[in-house]
Amino acid sequence: MEVLKQRILQEGVVISDQVLKLDGLLNHQIDPALTMEMGREFAARFRESGVTRVITVESSGIPVAFAAAHELGVPLVFARRKKTLLADPDAYCERVPSFTKGIVTDIMVSREYIHENDRILFIDDIIANGDAARGVIKIIERSGAELVGFGVVVEKCFQAGARTIREQGIPVEALVRIRSLNDGTVQFDDNEM
């Protein structure tokens, strides 16, 4: 997505050769028009997959996953990172480390909102090492549902996350692929996957 690349170049902040801050686009402030455009793009890429639900992890994945779910006309389910007093005590749960937060958290999905006959599209904002993504995939597998694909706004190709998911035979679609953040510069990878 060329418009997304341009916005990343204009507004992204390279923190290190491993970390790109996209707070103005994805993680703190949301551009509704761009978010809906990203949702339309994911819907177009996965429309023929028979998606019955979209899933993501709170909180940064929610806006773009919502946009994709809206375009596909299906519900959005998000994995919670914090247990509430009203949480389903029998929820699917996976313990996952967070690359950007530097902590380990539990992610939970109520059994009420994911079923064995579902065809699920997983959407997220950024994939680095893929720990949270693998946690969601395990939850989907335990539910008996079918994961039809994984859409990610930004794939950091120099980290193993997306590669390990592709190695599981899961279709991965990235709107933007970043090859490197070396020398404080975003270098895109335009190779088709």
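Below you will find a few notes about this structure. (Residues numbered from 1 in each chain as written. Predicted model: local features only at pLDDT ≥ 70, side-chain atom pairs only at ≥ 80, totals over all residues. Heavy atoms only, no water.)

### A look at the overall build of the protein chain
Looking only at helices and strands, one finds six helices and ten strands in the protein chain. Scaling as 2.2 N^0.38, a compact globule of 193 residues should have a C-alpha radius of gyration of about 16 Å, and the protein chain matches this with 16 Å. Principal-axis analysis of the C-alpha atoms places the extent of the protein chain at approximately 45 × 35 × 30 Å. A fraction of 62% describes how many contacts in the protein chain between residues 6 or more apart in sequence connect residues 24 or more apart. Surface exposure of the protein chain reaches about 9,600 Å², of which carbon and sulfur atoms provide 48%. Side-chain charges in the protein chain split into 23 positive and 29 negative, and the spacing between the mean points of these groups amounts to 4 Å. (Helix = DSSP H or I, 4+ residues; strand = E, 2+ residues; numbered from the N terminus. Rg over C-alpha atoms; globule rule 2.2 N^0.38 Å. Contact = heavy atoms within 4.5 Å. Areas by Shrake-Rupley, 256 points an atom, 1.4 Å probe, with all protein chains shown as cover. Lys, Arg positive; Asp, Glu negative; His and termini not counted. Charge placed at Lys NZ, Arg CZ, Asp CG, Glu CD.)

### Section: the sheet that holds strand S7 (residues 119–127)
Pairing between the strands of a sheet is mediated by backbone hydrogen bonds and can be parallel or antiparallel. The six strands are arranged S4-S3-S7-S8-S9-S10 in an open sheet whose pairing can be described as mixed. In this open sheet, the two edge strands, each paired with only one partner strand, are strand S4 (76–79) and strand S10 (187–188). Where helix H5 (residues 131–143) meets the sheet, its contacts fall on strand S3 (53–57), S7 and strand S8 (146–156), and the angle it forms with S7 comes to roughly 170°. (Pairing = 2+ DSSP bridges. Axes fitted to C-alpha atoms, helices over the stretch in contact; angles between N-to-C directions.)

### Description of the nonpolar core
One finds Leu-4, Ile-8, Met-38, Val-54 and Val-153 to be the most contacted residues of the largest nonpolar core, which totals 31 residues. Elements represented by at least two residues in this core include exactly helix H1 (2–11), helix H2 (23–27), helix H3 (32–46), helix H4 (62–72), S7, S8 and strand S9 (172–180). Setting aside anything within four residues of it in sequence, one finds Val-153 in contact with Leu-4, Leu-26, Met-38, Phe-42, Val-64, Asp-124, Asp-125, Ala-174, Leu-175 and Val-176. Val-57, Ile-107, Ile-114 and Ile-165 belong to the second-largest nonpolar core, a separate cluster that totals 27 residues. (Core = buried A, V, L, I, M, F, W, Y, C linked by side-chain atoms within 4.5 Å. Buried < 20%, exposed > 50% of the residue type's maximum accessible area, 1.4 Å probe, protein only.)

### Describing the pairing of S7
For S7, the tally of buried residues reaches seven of nine residues, placing the bulk of the element in the interior. Of the pairings in the sheet, the one linking S3 to S7 comprises three bridges and is parallel in character. Residue Val-54 lies in a different strand from S7, and its bridge partner there is Leu-121. Examined bridge by bridge, S7 and S8 share eight bridges and lie parallel to one another. Opposite Leu-121, over in S8, you have Gly-149 as the bridge partner. Assessed by its sense of winding, the connection that carries the chain from S7 through H5 to S8 is right-handed. (Right-handed = clockwise from strand over helix to strand, strands pointing away.)

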